[in-house]
Each structure stands twice: as structure tokens, then as C-alpha cells.
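# Close look at the chain arrangement
Listed below, chain by chain, are the residues.
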Amino acid sequence: YSQPNLVVYDFNKQISRDRIPLESAWLGLAFHPDGKRLYSSGSAKNRVDEFSWDRGVLKRIGDFEVPKPANDSFVGGLAVSPDGRRLYAVHVLGEKLHAIDLDTRAVIKTVDLMAEPYTVLVSPDSTTVYLSLWGGSKVQVFDASDLKLKHEIDVGEHPNAMAFSRDGSRLFVACANTNAVWNIDLAKGYATEQIGIAPFPNMPPGSTPNALDLSPDGKTLLVANADNNTVAVVEIGASGRGEVEGFIPTGWYPTGVRFSLDGQKIFILSGKGLTSDAT
């Protein structure tokens, strides 16, 4: 495997401006709300790497060590609370959730989980942490102050990426071992809809939805379907329900999708390249 790198890309000039080699990395990547700090999963190094972002220059400035589990594991998804006070990170195979105080730079709480996690998301008011339990077909809901488990929400197999609706009342959850995105009403505490994202009705599981993004106006949800080599375009109605409007062809195995800040462009990451051959 090649060494992982953190790349700064200039979308106006369409060139890579900078490339920072990393010892180890996985999917976790999150900006601090002040826009001046970036955090990256340290994966097998059992840490979260920290970078400064100043006038277009990215520099590594330190890291946060997290307790190493008894078994071989790696740091996976992470999130920064909107109030900028805490960083949350998961140990995937170690089945743990960590809370880090960004002022003291200390791990202030670690909780054991019932199965492998994938990533976390923090509510807009910073009071609640949502965790996709990759190995448990659930979304677990924690009190952000002490990581006490509040309740669990049943979803499909291998839940992974999550995204809030624009008003924060709903949580969309991609479930990789299904052909659907679970649409959770957070006030009710359960999924009120499964948005089918397969190209044809009644297809067996195999689309592998694994990345989500919501448009700035909150009306369109993008779903990366890794094993279909497509991005599903889902229109979100006033009631919060979703309807697939079509599919965007992609490169091989899309693993990331994002709207531009103005909602006029879509960026797609093809995990295995642009052809059907690994070379």
C-alpha cells in the first residue's frame, strides 16, 4: 500500500497545492468550527492528528493520543462539537468511543461499545452524540456531557455515514449491507422511512451506500453507492421524506461525495480510481 497523504487541492486552479505525508489514516477528517484547525484519524497509530489552517497553508501541529485497546484496532470516524469544545473519535475494532477536551487536550471519557463503530456526529446544539454502530445495525445516542447512553435506534446492517437534515430534526443513515438510507425522525426516535437507492426495484443487497451529503438548501441528499459506481440524487420533500430522482455515473467504487458551499458543484471521490482495472 502507498503511504497516506493529506492533500490540499485548489478547486479554482484545479491543481494540488500541497501534500502532507501521514503515518497512518482512515476516514476520519473534521474541521474545527473556527476554520483554523483540522483533525485527521491517526488510524493504527492510536491518535488523532491535528493541523493548522492559515491563509491557505496546512501544517501539522500535534496530535491527541487515545487509549490503545487490548486488541489491534484503529481510530476511525471523528467529529468536533459545533461549540468547538470537544472532539469525539471511535476505535473501530476496539469497540470504544472517546471524548477529548480540546482546551486541556485530554481524553476525558471513554466508553465501551457493544460492537464495532464506524463514525460519530454531534447535534447542532452540541448536546448529543450519534454513533453509527457498524457491527450492530444500530445508531446509538449519547449525552455529550458524560457519554451516557440515552437510547438506541434500529437501522439496517452496517450503518456507516450519517447526515442531519437542515433543520436538525432528521438523521439520514447509509447502511452498506442494504440498498437503502434510513431516515430517522429524531423526535420520535425511530426510522420513519427507508429510502431505496438501488437502480432497480427489488434488487438484492449490493449497492453498498457508504457516503452522504446534503445540499446547502437542505432539499437534495447525495448517496454514494460504492458497488453500483453511482451517486444517487435524492430529493427531500417538505415532510422530510426522500425520493430518488436519478443517478450520477462515477469512477470505480465511490467512497465520498460533497456539494460545494454554494450548492452548484458536486465532488465525488472514487475509492479505486477511474477505470475498472486497479492498475
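Residues numbered from 1 in each chain as written. Predicted model: local features only at pLDDT ≥ 70, side-chain atom pairs only at ≥ 80, totals over all residues. Heavy atoms only, no water.

Looking now at the side chain of His91. Along the chain, the position of His91 falls in strand S8 (residues 86-91). Polar contacts involving the side chain of His91 include one to the side chain of Asn46, which spans 2.7 Å. Aside from chain neighbours lying at most four places away, what touches His91 is Asn46, Val66, Pro67, Lys68, Pro69, Ser73, Phe74, Val75, Lys96, His98 and Pro117. (Helix = DSSP H or I, 4+ residues; strand = E, 2+ residues; numbered from the N terminus. Polar contact = N/O pair within 3.5 Å; in protein donor to acceptor, adjacent residues only side chain to side chain. Contact = heavy atoms within 4.5 Å.)

The subject of this paragraph is the environment of Ala224. Secondary-structure assignment places Ala224 in strand S20 (residues 220-225). Ala224 sits in the buried class, given a relative accessible area of 0%. Separated by 63 residues in sequence, Ala224 and Ala161 place their C-alpha atoms 10.0 Å apart. Setting aside anything within four residues of it in sequence, one finds Ala224 in contact with Thr208, Pro209, Asn210, Ala211, Thr230, Val231, Pro254 and Val257. (Buried < 20%, exposed > 50% of the residue type's maximum accessible area, 1.4 Å probe, protein only.)

Looking now at the sheet that holds strand S6 (residues 57-65). Strand pairing in a sheet takes place through backbone hydrogen bonds and is either antiparallel or parallel in direction. Here 4 strands make up an open sheet; going across it, the order is S3-S4-S5-S6 and the pairing antiparallel. Sheet topology places strand S3 (29-31) and S6 at the edges, where each strand pairs with a single neighbour. Strand after strand, the sheet turns through a mean of 25° between neighbouring axes, direction not considered. Relative to strand S5 (residues 47-54), strand S4 (residues 37-41) runs antiparallel, the two sharing 5 bridges. Bridged to Ser41 within S5 is Val48. (Pairing = 2+ DSSP bridges. Axes fitted to C-alpha atoms, helices over the stretch in contact; angles between N-to-C directions.)

The next point concerns the sheet that holds strand S19 (residues 209-214). Taken in spatial order, the 4 strands make up an open sheet running S19-S20-S21-S22, and their pairing is antiparallel. Two strands in the sheet have a free side with no partner beyond their single neighbour: S19 and strand S22 (242-249). With direction set aside, neighbouring strand axes in the sheet form an average angle of 25°. As paired elements, strand S21 (residues 230-236) and S22 share 7 bridges and run antiparallel to each other. Counterpart to Ala232 in the pairing with S22 is Phe247.

Moving on: the pattern of salt bridges. Side chains that differ in sign of charge can pair as their charged atoms come close. On inspection of all chains with the given rule, the structure shows 13 salt bridges. Close ionic contact of Arg47 with Asp49 constitutes a salt bridge, the shortest N to O distance being 2.7 Å. Across the pair, Asp49 and Arg47 agree in class, each one buried. We note a salt bridge from Asp154 to Lys138, for which the minimum N-O separation is 2.8 Å. With Asp154 in strand S14 (residues 149-154) and Lys138 in strand S13 (residues 138-143), the pair connects residues that are 16 residues apart, well separated along the chain. Among the residues examined, Asp154 registers a relative accessible area of 54% and is labelled exposed. A residue is classified by how much of its surface remains accessible, and Lys138, at 17% relative accessible area, is buried. (Salt bridge = Lys/Arg side-chain N within 4 Å of Asp/Glu carboxyl O.)

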